[in-house]
Amino acid sequence: MVGLPARGKTYISTKLTRYLNWIGVPTKVFNLGQYRRAAVKTYQSYEFFKSENEEAMKIRKQCALAALEDVDNYLSLEYGQVAVFDATNTVRERRDLILSFAKNKGFKVFFVESICGDPDVIATNIMQVKLTGPDYEDCNKEEVVEDFLKRIDCYKTTYEPLDEEIDGQLSYIKIFDVGKRYLVNRVQDHIQSRIVYYLMNIHIAPRSIYICRHGESELNVQQRIGGDSSLTKCGMEFASEMAKFIKEQNIKDLKVWTSHMKRTIQTAEALGVPYEQWKALNEINAGVCEEMTYEEIEQKYPREFALRDHDKYRYRYPKGESYEDLVQRLEPVIMELERQENVLVICHQAVMRCLLAYFLDKTADELPYVKCPLHTVLKLTPVAYGCQVECFPIGEEAVDTHREKPVDAKLSSEAEEALYAALNLLRLGAAV
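Residues numbered from 1 in each chain as written. Predicted model: local features only at pLDDT ≥ 70, side-chain atom pairs only at ≥ 80, totals over all residues. Heavy atoms only, no water.

## Concerning the pattern of salt bridges
One pass over the full model with this rule turns up 22 salt bridges. Between Arg-194 and Glu-331 there is a salt bridge whose closest N-O contact spans 2.4 Å. Residue Arg-194 is found in helix 7 (residues 190–199), and its partner Glu-331 is found in helix 13 (residues 323–339); the two are separated by 137 residues along the sequence. Exposure remark for Glu-331: the relative accessible area of 12% places this residue in the buried category. (Salt bridge = Lys/Arg side-chain N within 4 Å of Asp/Glu carboxyl O. Helix = DSSP H or I, 4+ residues; strand = E, 2+ residues; numbered from the N terminus. Buried < 20%, exposed > 50% of the residue type's maximum accessible area, 1.4 Å probe, protein only.)

## Remarks on the side chain of Arg-60
By the secondary structure assignment, Arg-60 is in helix 3 (residues 54–77). Buried charge without a salt bridge: Arg-60, with Glu-52 as the nearest opposite-charge side chain at an N-O distance of 8.7 Å. (Lys, Arg positive; Asp, Glu negative; His and termini not counted.)

## Some remarks on the packing of helix 7 against helix 13
Helix 13 packs onto helix 7 with a crossing angle of 35° between their chain directions and a minimal axis gap of 10 Å. Of the residues in helix 13, those in contact with Arg-194, Tyr-197 and Tyr-198 of helix 7 are Gln-328, Glu-331, Met-335 and Glu-338. The residue makeup of the contact of helix 7 with helix 13, split by class, is 3 nonpolar, 1 polar and 3 charged. (Axes fitted to C-alpha atoms, helices over the stretch in contact; angles between N-to-C directions. Contact = heavy atoms within 4.5 Å. Nonpolar A, V, L, I, M, F, W, Y, C, P; charged D, E, K, R; others polar.)

## Digging into the packing of aromatic side chains
One pass over the structure, following the stated rule, counts 13 aromatic pairs. Between Tyr-136 and Phe-148, the aromatic rings sit 6.4 Å apart at their centres with planes inclined by 70°, giving edge-to-face as the arrangement. With Tyr-136 in the loop between helix 5 (119–128) and helix 6 (141–156) and Phe-148 in helix 6, this pair connects stretches of sequence that are 12 residues apart. In terms of burial, Tyr-136 and Phe-148 fall into one category: buried. Counting every residue linked through ring pairs, the aromatic cluster contains Tyr-43, Phe-48, Phe-49, Tyr-136, Phe-148 and Tyr-155. Across the ring face of Tyr-369, the terminal group of Lys-312 is positioned such that the distance to the ring centre comes to 4.6 Å. The aromatic ring of Tyr-294 is capped on one face by Arg-403, whose charged end is 5.2 Å from the ring centroid. (Phe/Tyr/Trp six-rings, centres within 6.5 Å; stacked < 30°, edge-to-face > 60°. Lys NZ or Arg CZ within 6 Å of the ring centre and 35° of its normal.)

## Thoughts on the environment of Trp-22
Tracing the backbone shows Trp-22 in helix 1 (residues 9–22). Linking Trp-22 and Glu-324, residues 302 residues apart in sequence, is a C-alpha distance of 9.5 Å. Beyond its immediate chain neighbours, meaning those up to four positions away, Trp-22 contacts Tyr-313, Val-327, Leu-330, Glu-331, Ile-334, Cys-354, Ala-357, Tyr-358 and Leu-367.

## Some words on the sheet that holds strand 4 (residues 172–176)
Strand order across the open sheet formed by 3 strands is 3-4-5, with mixed pairing between neighbours. Each having just a single partner strand, strand 3 (111–115) and strand 5 (181–185) make up the two edges of the open sheet. Here the strands of the sheet are splayed against their neighbours by 10° on average, with no regard to which way each runs. Judged from the 5 bridges that link them, strand 3 and strand 4 form a sheet pairing that is parallel. Directly across from Ser-114, in strand 4, lies its bridge partner Ile-175. Across the sheet, helix 7 lies against strand 3, strand 4 and strand 5, angled at about 5° from strand 4, the strand it touches most. (Pairing = 2+ DSSP bridges.)

## With respect to the confidence of the model for the chain
Scored by pLDDT, the chain comes out at a mean of 94, with 94% of its residues at no less than 70. Confidence drops under pLDDT 50 across residues 426–432; counting only partners more than four residues distant or on other chains, this segment forms 0 contacts. (pLDDT = per-residue confidence, 0-100.)

## Thoughts on unusual backbone geometry
The backbone phi angle of Asp-138 is positive, close to 60°, even though this residue is not glycine. Along the chain, the position of Asp-138 falls in the loop between helix 5 and helix 6. The phi angle at Arg-186 is positive, at roughly 50°, despite the residue not being glycine. By secondary structure assignment, the location of Arg-186 is in the loop between strand 5 and helix 7. Look at Arg-186 and you get exposed, because its relative accessible area is 52%.

Put into structure tokens, the structure is as follows:
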């Protein structure tokens, strides 16, 4: 990262890290402020950031070197793929240090510079994030604002933005005024390309995303997965009650998205407003297991049942999909959600899990077990470094379709034998 304080660098770092982890690229943020706070236990004032404060400059450089050492360990020893170095990096000397470090270790460097001259955006950032930050605990509001503005001035005196001529050989994106304009230079690979695409789609306008499953369906009642059944009477009542709830929310310019499946379309019809159908929002394809109960799957396909319990995220149904496949299918939906303002997404259990995992920063192991009950609307409101979640149960309680993560699950002898046989086949395949 590159940029003056209060330009949204940590916001970008956190959001980008969440996205990359969600699509399966192991990523971690290294926030230099945390290293500085560990080295200097108590923050005194903006004077620590003056360029002529030699003692402080030594501490800040030591912190940068310690963070880079941790970056090296993460990328070299912990199987990380992307490290986000969240710091101001406003002088060319510091950026040269990063470039030298990366060259010696064989890492690529991509700079993300956030430039903002809008005083309202800067003031909002200070008020929303810095007032409650660890540097200013239990401090007077006016004093915090005054000190932080002076801290920004300390950086301004030495700030050297990325230059098109001087830094023309570097890879970077410059983001102007939180997305009004972009400048991209020398994108080197697929990951950098995806980073650029993502950063050019996010915005900070206030909005809320409402996510729910369709009303209870006929196959839900039978505890059968997949299929394309209609709503039950209880499911239709939920659709009517949700329509009242959405109307009461008085949401400006709300857009409604559904899948191509009957149960989401029937749920949306009750709203009495236009809706857009997304094939990408269709439920996970269970392949040969469509419209079966879990008990039937365990009896008919013990090997598949055992493999799915062993690694539910990566397990792919025969002739069907895995959660990992579903995440890739839903990436365009996430991109469009980031571009939009207020949206209601009426979807399915596995789809909702994937969407929530993105917004709530869930790991691949947690994702397949996120609880998404029927007849419940979740309201997600993006905040500084995450998402505020509100839960609204609506109408009559529906059947529970959640299956808990097996803990020391005792498999049937057939399933256990099938699992070992499958794992042995995988080992043989890996050894070829």
